[in-house]
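Chain by chain, the residues:
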Amino acid sequence: MLLILRLVILTLAVVGAGLLPFVLSGTMDMYTQYTKAEKARDLVKRKREHYKQYLRNVKTYQAFQDRVSSFVQIAQDIGIDRGDWVRYEVDVQERMVDVSQMGFLLENARNGGHFYYDPSKFEILSSEHPVMKEKMESASSEEAGPAGSQVMVTLKGTYLVYQQNE
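Since this is a predicted model, take the numbers as computed values, not measurements. (Residues numbered from 1 in each chain as written. Predicted model: local features only at pLDDT ≥ 70, side-chain atom pairs only at ≥ 80, totals over all residues. Heavy atoms only, no water.)

**Digging into the side chain of Thr158**
Phase 1 of the analysis: Its location among the elements puts Thr158 in strand 3 (residues 150-162).
Phase 2 of the analysis: Judged by relative accessible area, which is 13%, Thr158 ranks as buried.
Phase 3 of the analysis: A distance of 3.2 Å separates a polar atom in the side chain of Thr158 from a polar atom in the side chain of Glu89.
Phase 4 of the analysis: Setting aside its immediate chain neighbours within four residues, Thr158 contacts Arg87, Tyr88, Glu89, Tyr116, Tyr117 and Asp118. (Helix = DSSP H or I, 4+ residues; strand = E, 2+ residues; numbered from the N terminus. Buried < 20%, exposed > 50% of the residue type's maximum accessible area, 1.4 Å probe, protein only. Polar contact = N/O pair within 3.5 Å; in protein donor to acceptor, adjacent residues only side chain to side chain. Contact = heavy atoms within 4.5 Å.)

**Side note on the nonpolar core**
Phase 1 of the analysis: In terms of nonpolar packing, the biggest core is built from eight residues, these being Val97, Met102, Tyr117, Val151, Val153, Leu155, Tyr159 and Val161.
Phase 2 of the analysis: Broken down by element, the residue count for this core peaks at five residues, all from strand 3.
Phase 3 of the analysis: With sequence-adjacent residues up to four places away left out, Val161 is seen in contact with Asp84, Trp85, Val86, Tyr88, His114 and Phe115. (Core = buried A, V, L, I, M, F, W, Y, C linked by side-chain atoms within 4.5 Å.)

**Some words on the packing of aromatic side chains**
Two numbers describe a pair of aromatic rings. These are the distance of the centres and the angle of the planes.
Phase 1 of the analysis: Taken as a whole, this structure holds three aromatic pairs when the rule is applied.
Phase 2 of the analysis: Ring geometry for Tyr31 versus Tyr34: centroids 6.4 Å apart, planes at 35°, classification tilted. Taken as a pair, Tyr31 and Tyr34 lie in helix 1 (residues 2-78) at a separation of three residues, close to a single helical turn. (Phe/Tyr/Trp six-rings, centres within 6.5 Å; stacked < 30°, edge-to-face > 60°.)

**Digging into the pairing of strand 3**
Phase 1 of the analysis: Of all 13 residues making up strand 3, 11 are buried, and the element is well covered by its neighbours.
Phase 2 of the analysis: Here strand 1 (residues 85-98) runs beside strand 3; their pairing, made up of 12 bridges, is antiparallel. Directly across from Glu89, in strand 3, lies its bridge partner Thr158.
Phase 3 of the analysis: As defined by bridge partners, strand 2 (residues 115-125) adjoins strand 3 across 10 bridges and the pair is classed as antiparallel. Bridging across to strand 3, Asp118 finds its partner in Thr158. (Pairing = 2+ DSSP bridges.)

**Digging into unusual backbone geometry**
Backbone phi values are negative for most residues with the exception of glycine, while trans is the configuration of most peptide bonds.
Phase 1 of the analysis: Non-glycine residue Glu94 carries a positive phi angle of around 40°.
Phase 2 of the analysis: The residue Glu94 is located in strand 1 in this model.
Phase 3 of the analysis: The class of Glu94 is partly exposed, set by a relative accessible area of 40%.

**Some thoughts on the confidence of the model for the protein**
Detailed conclusions should not be drawn from predicted coordinates in areas where pLDDT is low.
Phase 1 of the analysis: In this model, the protein carries an average pLDDT of 81, and 86% of its residues clear a pLDDT of 70 or more.
Phase 2 of the analysis: Within the protein, the element-level pLDDT minimum falls on helix 3 (residues 130-138), averaging 64, and the maximum on helix 1, averaging 89. (pLDDT = per-residue confidence, 0-100.)

**Thoughts on the pattern of salt bridges**
Phase 1 of the analysis: Following the criterion strictly, the structure yields three salt bridges and no others.
Phase 2 of the analysis: Of the charged contacts in the structure, one is a salt bridge between Glu89 and Arg87, with a shortest N-O distance of 3.4 Å.
Phase 3 of the analysis: On the basis of relative accessible area, Glu89 is assigned to the exposed category, the value being 56%.
Phase 4 of the analysis: Arg87 gets classed as exposed once you look at its relative accessible area, which sits at 56%. (Salt bridge = Lys/Arg side-chain N within 4 Å of Asp/Glu carboxyl O.)

**A closer look at a nonpolar patch on the surface**
Phase 1 of the analysis: The grouping of Tyr61, Phe64, Val68, Phe71 and Val72 at the surface amounts to a nonpolar patch, some 490 Å² of accessible area in total.
Phase 2 of the analysis: In this structure, Tyr61 sits in helix 1.
Phase 3 of the analysis: Judged by its relative accessible area of 49%, Tyr61 falls in the partly exposed class. (Patch = residues over 30% accessible without salt bridge, like charges linked within 9 Å, V, L, I, M, F, W, Y side chains within 5 Å. Areas by Shrake-Rupley, 256 points an atom, 1.4 Å probe, with all protein chains shown as cover.)

And the structure:
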C-alpha cells in the first residue's frame, strides 16, 4: 500500500512537473494580455480627455467668433469702416521719465471709444532696478532728478485712432 501511494505521488509529481511550464506559459500570456488591455484602456482615457479639451477649445473659439461677428456687425451698422482708423507706431526705448509724467503715459496706454492701443511691449523700471541704477549713475546730475522721481519706460506698440472720412 505504501508502495502504491509512493507510486501515485511520483506519478502526480512527474505529471505536475511536466505541466508546470505550460501553466506558467499560460499565466504569462494572460498577464501580457492584461498589461496590453491596461495600456489600451489608458490610451482610450487619454484620447477621451483630449477630445473633451478639443470640444472646450471649439466652444471657446466659437464664442470668440460670435463676439467678433457681433462687434463687426455693430461697427457696420454704425457706419465705421476699416479705412477710418489711422495707425501710429509707438517705439520709446529706455527713456527716463518723471513720475509726474507717468500718469499721462498710462492714461494714453489704454483703450477708449475712438482710440485703441495695442502694446507689444510696456516696461517700467523703478530706481531700485539694477538697469535703472546703472543708467542713473551714467547720466549727468542735470539729467537725473532726485532719487525715486524718475522711472525708465520702454513702450512699443500700435496706436489706432478713429477718424471718420467725410
